[in-house]
Amino acid sequence: MGSVMIKSDQENSKQAVQAATRVLKKTIQCVLTSPANEEVSQLLTEIHVKLMGISDEIVINHISDFFESGRVPELVILKIIQSIFQSATKDYFRQFSYEILQKILSSLSLVKTDNIRLEYCELLQSIYRTLIYFEENQIQINLEQVQNVSWLIFDQVSKDWVTPQVFMIQQYQSQVQVLSLIGFMCQFVQRDKLERSVERLNQVYLSVLKVRSNQMRALFEGFNKFLERLFILDKYFYENIIKSITVSIYDFFKNPIFSPNYPFDENQLKYKNDLLSLLQTLSRFNIDNCLDLFINRINSKEQVERVSCLWICNFIISRNFNQISEPYKKQLIMQIQNLQFEQDSEVRYAICEIILQFCYKLKEGEQNQVGYDMKALLFYLFQQVAIHDREIEEYGQVRANPYETTLSILKARASKILQTLCSDQWFDDMIWPMAIEIINNQKFSPGLAHIFKQRQLKPRLQILMLPLLEYYYLYKYLTFFQNMGLEATNFLPVLLKSMDIKLPTACFQHIDTIKFYLQSKRQPDEYYEDRVSSIWKQCLQAIITYKELNVIEEDFNAQMSTYLNSPALKLPIMKMQAVLMSFLKNQETIKFNLDKLFSICHPEYTNQTINLNIPINEPEFTIRQCVADCFGYIGERHSGLVFDKIKAILNCEVVQKKNTGSFKDSMMSMFQKTSTDDSLINVRATLIMALGSLSRFVNLNFIEINILPNIMPFIQNEQLTQSLLVSLENVSKSIEKQLDNSEEVTQQFLYNFGRYREQIMGFIQKQKTPTIRALNTQNIQLRLSLQPLDFQRVLQQVKIHLEGNYDYENEQVSQTFSNLYMLFLGSTQIFDGDSNLNVWQQILALLNQIKNQDILLEGLQKTMQRQKFKVDQGYKFYFRVLLVLLSLVYKNTGSKRFAVLMVEKVLLSINVYVDIYQKNDDDFNGQLITALFDKLQASESNLFINELHNILLEDNMDESLTGFAQLLLFIYKKGFQDFEKFITILKLICKKSFESNYSLYIVEQLNKLLKELAHNNLKETLQGLLEQQYEFPVNNFSKLFLKQISETKSYLVKSFGILTDVLNNPEDVITGNIGNYMVNASLFLGQLMYDENTVLNDLIPKSKSQLLSTFILRFMTCHEIQLQGANQAVQSAIWAFQNFLNISNIEGIALQIFKKLLTEDEVEDGVSEIMMIYGKSATIIEQRKVFDFIQDFTQKQYLTFRLGAVIIIGQFIKTNKDLPNVEFYVELLTTLINFDRDNSEKVRAQVANGLGGVSYALKKIKQEESDIQIPQDLLQKIFESLIQLLDDAHETCIKHAMLSLQNLIYDIPNVIEFIPQLLLKVIANFEKQSVQIRISAFSLFSKICKICFEKNINNDYILNYLRQAQISIMLHLVDDSVQVRQICKLSLENVGEILNKPLYLKLSNGEIDLDQKVDHLDENEKIIFSISINFEQEYLQLYIQALLEFCKSPEYSIKGAAMFSLIILLSFREVNESRQKIEEVCSEPKLKWQTKQILMKASILLTQ
């Protein structure tokens, strides 16, 4: 069944394709008969290609019909066929290819133009690409047929279309395409036939290659096919041809594009790839000849040629390394060596790449590198890696034009290559021996760093380990050799492990310390030196297991001279020799080397004699101290021997002026001599320091008996001050290390030391500029004091320390400060006046000074660990210390570990235990607050919170804010009672976070806290935020809190309720500024809807009606003094409302509407327009929700609430003209009518406006003849209400009432009953000062007249009103308002109809026909003239009485018009008894200019 369906689908598809081809055939025929259109041709091509995917056979047969044999087809047909061949390689093409080739052959002789030749060439190339695809993929084709027809085409094209003479002059593009095509056709031309044309084609190709053109790329692909065919025929036979071709195309390769550092261009990249493909084909004939051509040009003077040849050589060896003969490989290496001094960075870059290729090719072939000078190549690579940083700074960004290569790029690439090679174990034997040879050369240390980075050793490299261990771990070695130290240090554990040596843990800790120094780029100091020396000792012990100690000594001495020649390494090697000597057993050897070391510093000392006759230069202090340190190192295991050697040097003979004598005076020790012999002062200084260095490695008993008695006699010698400081510091350090020993010998030493203490203190205090050595010693002396220290003395000591400009990373400085801390935290009793100084105050003072120095904090931590603390004087300073330490913990700097340990110590003082080894700060803070608050009482907890607030007020807390936010979260969870204080601290953290550079991390933590706050104290928090001073935009704390609320539905619903309640029920706000509450509430609502999310998207549709009503009412209350709040109350409400509109998809509210909301005069219009827009799109259900919501606001005491509610109801009346729900509509009208007697004129005006909206519904009913009806009694009530409003004292109400009546007057039932009353009230408004009132009154009067005419209402009562009214209309033709004049002119027509005066109709239309000359009058004055002279005689007295009344009008234009009319009557009509009255009125002496002007026009008429 399935196969039948598939077959059916296939048949249907074929039928569809056949139908499509029939349509296409007609289309193509039309196209062929019309002018060429490129777009149509392209469209046809795309259609055919798509149809090929359905049924290729039908499409091919269809299009082949347009290619007739013996006829050149149109271009569009050629393009379609070409696209078909390019689109895919289908099986049916096998037959179609041959068919098309035959048709092409039949029409070749007819092709004469270059355009058609180009199209033929492109088509034939597409065909032959398809055929080549068939052949390469072993798809069977009739090869014999193809070869036969191909030869015929080939022969004709090569003879007729290729003419070298023509080619060189013209028709360039078509000739290039032809030659490219020939290359493709060669693949299907028999060998014997092709050979006959090779020579001729070769000459043509060579002639072509001499032309340099951008169009040459089109030739390369076909030319490459031609060469591939020659290679298959007989590569040796055509070798000479290939040579000539290679030479001919060489110039093409003198191009910068072969460098990867040349600016990238896609077209050039294709050109480059075509050339390289061509080169690869040529190299298959004879790779050596090809390579030789480029090797010989490497030394060219032209930069581009030199660089190109290097990159071409790199390409050739990467593709054909095994085919290249050995001599040519060596020749290439020699040429590279000739370029070792080349300065061009691009040349050097290319050489590095060639070196990489050589290395990998040798590895791939596992070839023996004998015969290749790979050592020289690697040396060159090391040179590039070792480019000096100073050279990089100066020239690192200079480009090697036209390439983008710089020295920086070169060094980076060379480093990457070397690192790549080092990571491959195959290169060990090649690189490691070389590294051993150059390991002492500082220049190559960057390259050595990559070798050490490998960190892997093979067993066969065991022979290399001992030299590494013996010679490269020096004191300054790792920092002296550029860029190598860190990797060499990382390599050491691997080296030791490979030797299967078990070392103590301390050794690896020392290695980590060295890493820290190198990573932080700290300068080596004494601490660093001790660690390196310790490692060296461990290494020596390891070496001893492999070598005899005396052999090691011999090897070391053999190398020592090399190091001593380096100023930077001279001192470290001396110290290392001293460490080595400490392991020796032979005392004579040790003594000999001690003499040798001493003579380095003092050349006058030789053979145990001091010769003062030779010139003596004072040795540098660093060398003198180094010699002293060496004595100390050797004395670690041979203290007695070293001390004896010092005495021996002091007791040696002194040669001076050919006299000899004993250096010894009368005592056994020279140090008992107080002579100040300048010639011997340097020797004494060195030996004093040597004794100090020796004291570091001996016990207290040795110091007491041997060291101090020999130093103290010289304490007053100013020439020995510096040496004494160094020596006494070393003595102090040694004492400090042994002070904690409780043995009796220590106590005895402290007692005996008392006789030196004051002497040492006096010596130190004499120093004008306190040095770190003096201060360190002074600290020890103070600690050794037997009496309590005075506070002022210790305070002075602290000041001296903290104000000093020290290198805090120096270990000596750290030790000095540790000793200082002991003065505060030790057994000393410190007093400040009469009261004790709290120990926490001491710690706090120290912390505030050193909290930014990790090393000093480490010293304080170690000192605190040795003490016991307790809270015995209140918690204030205790909490302060704890919080300062926590701030250091939260910074996550290097001091965190020490700060955590100090926190633990501080908490233990009140028996609170916290596991400090937590995974993160969250766990740490949680456990800390839980344990602390369980221990503290309520008052103490409050004190802790107060101190937390105080510390957050300080500056430089940015880095700690994240941790304090976490801490505050756990305080909140713990149930802290003072909610107001909690919020204050939270706001402070939030404010500081946004001012810091760490706001992202702090805010993340704040969000967690705020989420908890929203969950537990949403109402209280919002209440507090509403009370705060108004800020626009919302402050950051409020913004974050509201953001948390908006992401949870329950929080959002509750918040909407709280905020809208504030806006809608301000009378419930008992305390505070009501307006400020309402401004904040609107802002918060807007902020909640600022960022759209799924919670809002779900909630807003359900709350849209209530929120919309709330905002509309807020716009109104913004203009009520009691409720408006800040100056920008409206702007904030608009901003919030816009956010609501964005998320609720209410559209169409223009910016102009929002501008109306800003002013009290226009806010009603703005709100009306918003509700009109909403009402048009809202459903009746949505409107009902709004109506139900605002019902309660109609009874509010605040005017603006009632006014807003009335506006909303009025707009709903206007927008519900279709009456989708009559009951709802009636309810709207009924509700609105109830407000027609409201005590506010604004409300009454909006009632009048809203009631007029019923006219829309009435018109709709009439137009559609709908069965839906509005109750007649309700309409009558509406009409009565509007008529009543015409008597309102406020013009705004009158205006809106008349406008509504204009709309309703035609649709109100029983309107005739109201006409007299309506006329009376409307006419009364003709003379109102308000232009709008007059306009509305005349408009409404006009409609009343029309109704009276239509209803045939012509009783005398009404007609009498109309006759009086016509006088007012006539006079207002000269009203100051243009609109009033226009309306009055139009009203004449309606008045004329009911009064049966056709003249009025003509006058209204501008048809004025007068016998008198009235050219000096304007149009309206002419109308007044015409009406006046045509008054009915029977009512003339009535008109005159009315005109006389208008002469009393305060409006000068109306008064003038009345007098004008009276003068006309006086002149042209019989006025009888009224003449005297008219003359009296018109002769009034004091008239305004406007009145006089119109009277002058009347007087002109009288003169006619």
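Residues numbered from 1 in each chain as written. Predicted model: local features only at pLDDT ≥ 70, side-chain atom pairs only at ≥ 80, totals over all residues. Heavy atoms only, no water.

The next subject is the overall build of the chain. A tally of regular secondary structure across the chain gives 74 helices and six strands. Within the chain, the proportion of its 1504 residues that are buried is 55%. The contacts of the chain with a sequence gap of at least 6 include a subset with a gap of at least 24, amounting to 74%. Surface summary for the chain: the accessible area is close to 67,800 Å², and the carbon and sulfur share equals 47%. (Helix = DSSP H or I, 4+ residues; strand = E, 2+ residues; numbered from the N terminus. Buried < 20%, exposed > 50% of the residue type's maximum accessible area, 1.4 Å probe, protein only. Contact = heavy atoms within 4.5 Å. Areas by Shrake-Rupley, 256 points an atom, 1.4 Å probe, with all protein chains shown as cover.)

One way to put it is that helix H49 (residues 1018–1027) packs onto helix H52 (residues 1074–1088) with a least axis distance of 8 Å and a crossing angle of 120 degrees. When the axis of H49 is compared with that of H52, the two are oblique. Touching Gln-1023, Leu-1025, Leu-1026 and Glu-1027 of H49 are Asn-1076, Tyr-1077, Asn-1080, Ala-1081 and Phe-1084, all from H52. Looking at the contact of H49 with H52 residue by residue, the classes come out as five nonpolar, three polar and one charged. (Axes fitted to C-alpha atoms, helices over the stretch in contact; angles between N-to-C directions. Parallel < 35°, antiparallel > 145°, perpendicular 65-115°, else oblique. Nonpolar A, V, L, I, M, F, W, Y, C, P; charged D, E, K, R; others polar.)

Right, let's get into the pattern of salt bridges. Taken as a whole, this structure holds 24 salt bridges when the rule is applied. Between Asp-1236 and Arg-1237 there is a salt bridge, with the nearest N and O atoms lying 3.5 Å from each other. Note that Glu-1445 and Lys-1448 form a salt bridge whose closest N and O atoms lie 3.7 Å from each other. On the basis of relative accessible area, Glu-1445 is assigned to the partly exposed category, the value being 48%. According to the relative accessible area criterion, Lys-1448 is exposed, its value standing at 63%. Beyond isolated ion pairs, a larger network of salt bridges with shared partners links Lys-876, Arg-880, Glu-947 and Glu-954. (Salt bridge = Lys/Arg side-chain N within 4 Å of Asp/Glu carboxyl O.)

Under the counting rule described, the total for this entry stands at zero disulfides. With no disulfide of its own, Cys-630 lies closest to Cys-626 among cysteine sulfurs, the gap being 4.2 Å. With a relative accessible area of 0%, Cys-630 lands in the buried category. (Disulfide = S-S within 2.5 Å.)

Our next topic: unusual backbone geometry. Most peptide bonds take the trans form, and the phi angle of most residues other than glycine is negative. The omega torsion across Asn-401 and Pro-402 is 5 degrees, close enough to zero to call that bond cis. You can see Pro-402 is positioned in the loop between helix H19 (389–395) and helix H20 (407–422). Residue Asn-1396 is not a glycine yet carries a positive backbone phi of 60 degrees.

A word on the packing of H49 against helix H51 (residues 1049–1064). The interhelical angle for the contact between H49 and H51, taken along N-to-C directions, is 40 degrees, at an axis separation of 11 Å. Classified by the angle their axes make, H49 and H51 are oblique. Taken as a pair, H49 and H51 cross one another with a handedness that is right-handed. Packed against H49, whose contacting residues are Leu-1018, Lys-1019, Leu-1022 and Leu-1026, the element H51 presents Tyr-1051, Lys-1054, Ser-1055, Ile-1058, Leu-1059 and Val-1062 at the interface. (Left-handed = near helix turned anticlockwise from the far one by under 90°.)

Under the counting rule described, the total for this entry stands at 27 aromatic pairs. Their ring planes at 70 degrees and their centres at 6.3 Å tell us that Phe-1137 and Phe-1154 sit as a pair that is edge-to-face. One end of the pair, Phe-1137, is in helix H55 (residues 1129–1144); the other, Phe-1154, is in helix H56 (residues 1151–1157), and 17 residues separate them in sequence. Like Phe-1154, Phe-1137 is buried. Among the aromatic residues, ring-to-ring pairing joins Tyr-875, Tyr-878, Phe-879, Phe-933 and Phe-944 into one connected group. Taking the ring centre of Phe-583 as reference, the NZ or CZ of Arg-637 above it sits at 4.2 Å. Residue placement shows Lys-1196 over the ring face of Phe-1201; its charged tip is 5.6 Å from the ring centre. (Phe/Tyr/Trp six-rings, centres within 6.5 Å; stacked < 30°, edge-to-face > 60°. Lys NZ or Arg CZ within 6 Å of the ring centre and 35° of its normal.)

Quick look at the nonpolar core now. Counting residues in each nonpolar core, the largest one holds 251 residues, and the members touching the most others are Phe-944, Phe-964 and Ile-1270. Those residues in contact with Phe-964 that sit more than four places away from it in its chain are Leu-883, Leu-886, Ser-887, Tyr-890, Leu-948, Ile-951, Leu-952, Met-957 and Ile-989. Residues Phe-134, Leu-227, Leu-291 and Ile-333 belong to the second largest nonpolar core, which totals 102 residues. (Core = buried A, V, L, I, M, F, W, Y, C linked by side-chain atoms within 4.5 Å.)

With that out of the way, let us pick up the environment of Leu-680. Structurally, Leu-680 can be placed in the loop between strand S4 (659–662) and helix H33 (681–695). Here the alpha-carbon distance between Leu-680 and Val-654, two residues 26 residues apart in the chain, equals 9.5 Å.

Now for H33. With 15 residues, H33 extends 21 Å between its outermost C-alpha atoms, agreeing within 8% with the 21 Å of an ideal straight helix rising 1.5 Å per residue. The element H33 is largely enclosed, with a buried count of 15 among its 15 residues. (Expected span 1.5 Å × (residues − 1).)

What follows covers the confidence of the model for the chain. Keep in mind that low pLDDT regions are not for reading the predicted coordinates in detail. Looking at the chain as a whole, its pLDDT mean stands at 75, while 72% of the residues score no less than 70. Note on residues 166–170: pLDDT is under 50 here. Beyond four places in sequence and across chains, it has eight contacts. Segment residues 826–835 is flagged for pLDDT under 50; beyond a separation of four residues in sequence, or across chains, it makes 15 contacts in the model. (pLDDT = per-residue confidence, 0-100.)

Turning to the environment of Phe-315, a few remarks are in order. Along the chain, Phe-315 falls in helix H15 (residues 303–320). Spatially, the C-alpha atom of Phe-315 lies 8.3 Å from that of Leu-276, the residues being 39 residues apart in sequence. Setting aside anything within four residues of it in sequence, one finds Phe-315 in contact with Leu-276, Leu-279 and Gln-280.

The end-to-end C-alpha separation of helix H46 (residues 961–973) is 18 Å, in line with the 18 Å expected for 13 residues at 1.5 Å each. Taken across its 13 residues, H46 has 12 buried, putting it largely inside the fold. Taken together, the buried positions of H46 are occupied by Leu-961, Thr-962, Gly-963, Phe-964, Ala-965, Gln-966, Leu-967, Leu-968, Leu-969, Phe-970, Ile-971 and Tyr-972. Of the surrounding secondary structure, the elements contacted by the buried residues of H46 are helix H42 (876–891), helix H44 (921–935), helix H45 (938–952), helix H47 (979–994) and helix H48 (999–1016). Count one or two residues on from H46 and you reach Gly-975, which has phi positive near 90 degrees.

Mapped onto the elements of the fold, Thr-1215 is located in helix H59 (residues 1199–1215). On the basis of relative accessible area, Thr-1215 is assigned to the buried category, the value being 18%. Within polar-contact distance, the side chain of Thr-1215 engages the backbone oxygen of Phe-1212 at 3.4 Å. The contacts of Thr-1215, once residues within four sequence positions are left out, are Met-1172, Gly-1175, Lys-1176 and Gln-1183. (Polar contact = N/O pair within 3.5 Å; in protein donor to acceptor, adjacent residues only side chain to side chain.)

Within the secondary structure, Asn-1310 is located in the loop between helix H64 (1291–1304) and helix H65 (1311–1323). Through-space distance from the C-alpha of Asn-1310 to that of Gln-1276 is 8.2 Å; in sequence the pair is 34 residues apart.

Mapped onto the elements, Arg-306 comes out in helix H15. Of note is the side chain of Arg-306, whose polar atom sits 2.8 Å from the backbone oxygen of Ser-300. Apart from residues lying up to four places away in sequence, Arg-306 is in contact with Arg-297, Ile-298, Ser-300, Lys-301, Leu-339, Glu-342, Asp-344 and Val-347.

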